[in-house]
Amino acid sequence: MFYQKIFSLSLAFMLIIFSTVFSFDQPILFVTENDDNSGTCLQIYFPSTSEMIKITDTEDENFYRISFPVVCEKTGMIGFTNHSRTMEASVYIIESDEYAPKKIVDKAILEDISPDGKYLLVSNASSSPSLYTVDIDKREVKRITEGYTVNSARYSPDGSEIIFAAMDQSGMMDLYMLNSADHEIKRITNSAEWTEYYPSFTHDGKYLLFMTNRTGKWGVDYINIDTEERYQTNLWGMYPVLSGDDAWAACEKDGKILVSRANGKELITLFEGMTPQWISQENAIKFFGDKEVKTTINRDGNGNELLISKKNKFHWWNFRSHRGNKSRNTTRYC
């Protein structure tokens, strides 16, 4: 009886761990060191299948230190900053219907992609960077801040505002909100004794998520934009970002990727990596490459599945619901 109880408790514990590990299914884009330590590359992790796929060529001499990727959820565009071996910074994008990265602008650091996928938000690679927008099609660059030493920035979900962190003369950073239309700037935090950094919006646009060292170590706080109320989470790490449903947070800590509930509960340490970003399954699947792939990914809790197979230069997507016989097939060129 004693051993039966121990077995039952152990089984229950394993089931809890199993359900926790697989309770999020949105893929994660992240930066990792190359196998030969010759720089960094981008990879995508698929939690539903535990597969990892490199999406940048580790043998391409044009790429050395890739950092801080971002994803445009609407278009599927991926952007990142690359530092060459001479440490010159350039911004690249990978279009939703392409595989090869394309250089957009030199001497710049990518901060974000506009929600409609038409503009890049960048800072100039200097000791006192300002914010600029870059029209992707026209390659037009427009300065939108002056007098602020910008360190990170993100668009709001509708693109009407930009939240950014700026450093003062003491080396501390605070958060500021910029109106995209008239470029009016409002200060959000005023913390002379600590740093607020790497802000972003929740997907409903009501809260700000950011990292702070006000407790003596890097952690994650929220601010209600309307009421200015501040909330401390139990999530400790750097570069936090929320999943598409705002239910999960990913961050980096001690060179590893962590995932937890948005409040810091159900913490999971995944693997070695840096600066994670969530990417939708639909936008991530194309990077399986030209090899034959057939896998099943659980899309939600209602028994809906996404069946993917890929042959030659086609994507074949079959959306099938177990609740009926309806299906929708879409084929497109890569």
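Above this note sits the structure.
Numbers given for residues are sequential positions, taken from 1 along each chain in its written order. Local features in this predicted model are restricted to residues of pLDDT 70 or higher, and side-chain atom pairs are both shown and tallied only at a pLDDT of 80 or more, whereas totals for entire chains, interfaces and linings draw on every residue. Water and hydrogen atoms play no part in the side-chain values, which are based on all heavy atoms of the structure.

### As for the overall build of the chain
For the record, the criterion: Counting from the N terminus, the helices are the DSSP runs of H or I reaching at least four residues and the strands are the DSSP runs of E reaching at least two. Only protein chains enter the calculation, and the probe is 1.4 Å; a residue is then buried if its accessible area is under 20% of its type maximum, exposed if over 50%, and partly exposed in between. The contact definition used throughout considers only heavy atoms, calling two residues in contact when any of these lie within 4.5 Å. Accessible surface area values rest on a Shrake-Rupley calculation with a 1.4 Å probe, where residue burial reflects the displayed protein chains alone.
Within the chain, the secondary structure is distributed over two helices and 28 strands. In the chain, which comprises 334 residues, the share counted as buried stands at 46%. Sequence separation of at least 24 residues holds for 36% of the intrachain contacts in the chain that already meet a minimum separation of 6. Carbon and sulfur atoms form 49% of the exposed surface of the chain, whose accessible area is close to 17,500 Å².

### Re the pattern of salt bridges
So the rule is basically this: By salt bridge we mean one thing: a side-chain nitrogen of Lys or Arg within 4 Å of a carboxyl oxygen of Asp or Glu.
This model, assessed by the stated rule, comprises 11 salt bridges. One salt bridge connects Glu61 with Arg85, and the closest N-O pair in it is separated by 3.8 Å. With Glu61 in the loop between strand E3 (51–54) and strand E4 (65–71) and Arg85 in the loop between strand E5 (78–83) and strand E6 (89–94), the pair connects residues that are 24 residues apart, well separated along the chain. When the shortest N-O distance is used, the salt bridge between Arg230 and Glu196 registers 2.9 Å. Of this pair, Arg230 sits in strand E19 (residues 230–236) while Glu196 sits in strand E16 (residues 196–201), and the two are 34 residues apart along the sequence. Exposure remark for Arg230: the relative accessible area of 31% places this residue in the partly exposed category. For Glu196, a relative accessible area of 0% translates into the label buried. Through salt bridges with shared partners, a single network forms among Glu196, Arg214, Asp221 and Arg230.

### Description of the pairing of E3
Note the cut-off: Pairing between strands requires that DSSP locate at least two bridges from one strand to the other.
Relative to E3, strand E2 (residues 40–46) is paired through four bridges, and the arrangement is antiparallel. Looking across to E3, one finds that Gln43 is bridged to Lys54. In sequence, E2 turns back onto E3 through a hairpin of four residues, with Ser50 there showing a positive phi of about 60°.

### Here's the deal with the pairing of E16
The element E16 is extensively covered by neighbouring structure, given that six of its six residues are classed as buried. Inspection of the sheet shows E16 paired to strand E17 (residues 207–212) by four bridges, in the antiparallel sense. The residue bridging Ser200 from the neighbouring strand is Leu209, located in E17. Counting the residues in the hairpin turn of E16 and E17 gives five residues, including Gly205, whose phi is positive at 75°.

### A short note on the packing of aromatic side chains
As a reminder of what qualifies: Each pair of aromatic rings taken from Phe, Tyr and Trp, with Trp reduced to its six-membered ring, is defined by centres within 6.5 Å and is described as stacked if the planes are under 30 degrees apart, edge-to-face if over 60, and tilted in the remaining cases.
This model, assessed by the stated rule, comprises 16 aromatic pairs. Where Tyr45 meets Phe271, the ring centres are 4.9 Å apart and the plane angle is 70°; that geometry is what we call edge-to-face. Of this pair, Tyr45 sits in strand E2 while Phe271 sits in strand E23 (residues 268–272), and the two are 226 residues apart along the sequence. The exposure class of Phe271 is buried, given its relative accessible area of 13%. Relative to Tyr239, the ring of Tyr197 has its centre 6.4 Å away and its plane inclined at 70°; by these criteria the two rings are edge-to-face. Here Tyr197, found in strand E16, pairs with Tyr239, found in strand E20 (residues 238–242); they are 42 residues apart in sequence, far enough to count as distant. For Tyr197, a relative accessible area of 14% translates into the label buried. By relative accessible area, Tyr239 is classed as buried at 13%. Here the aromatic residues Phe68, Tyr197, Tyr198 and Tyr239 are joined through ring pairs into a cluster of three or more.

The values are spatial; any link to function lies outside them.
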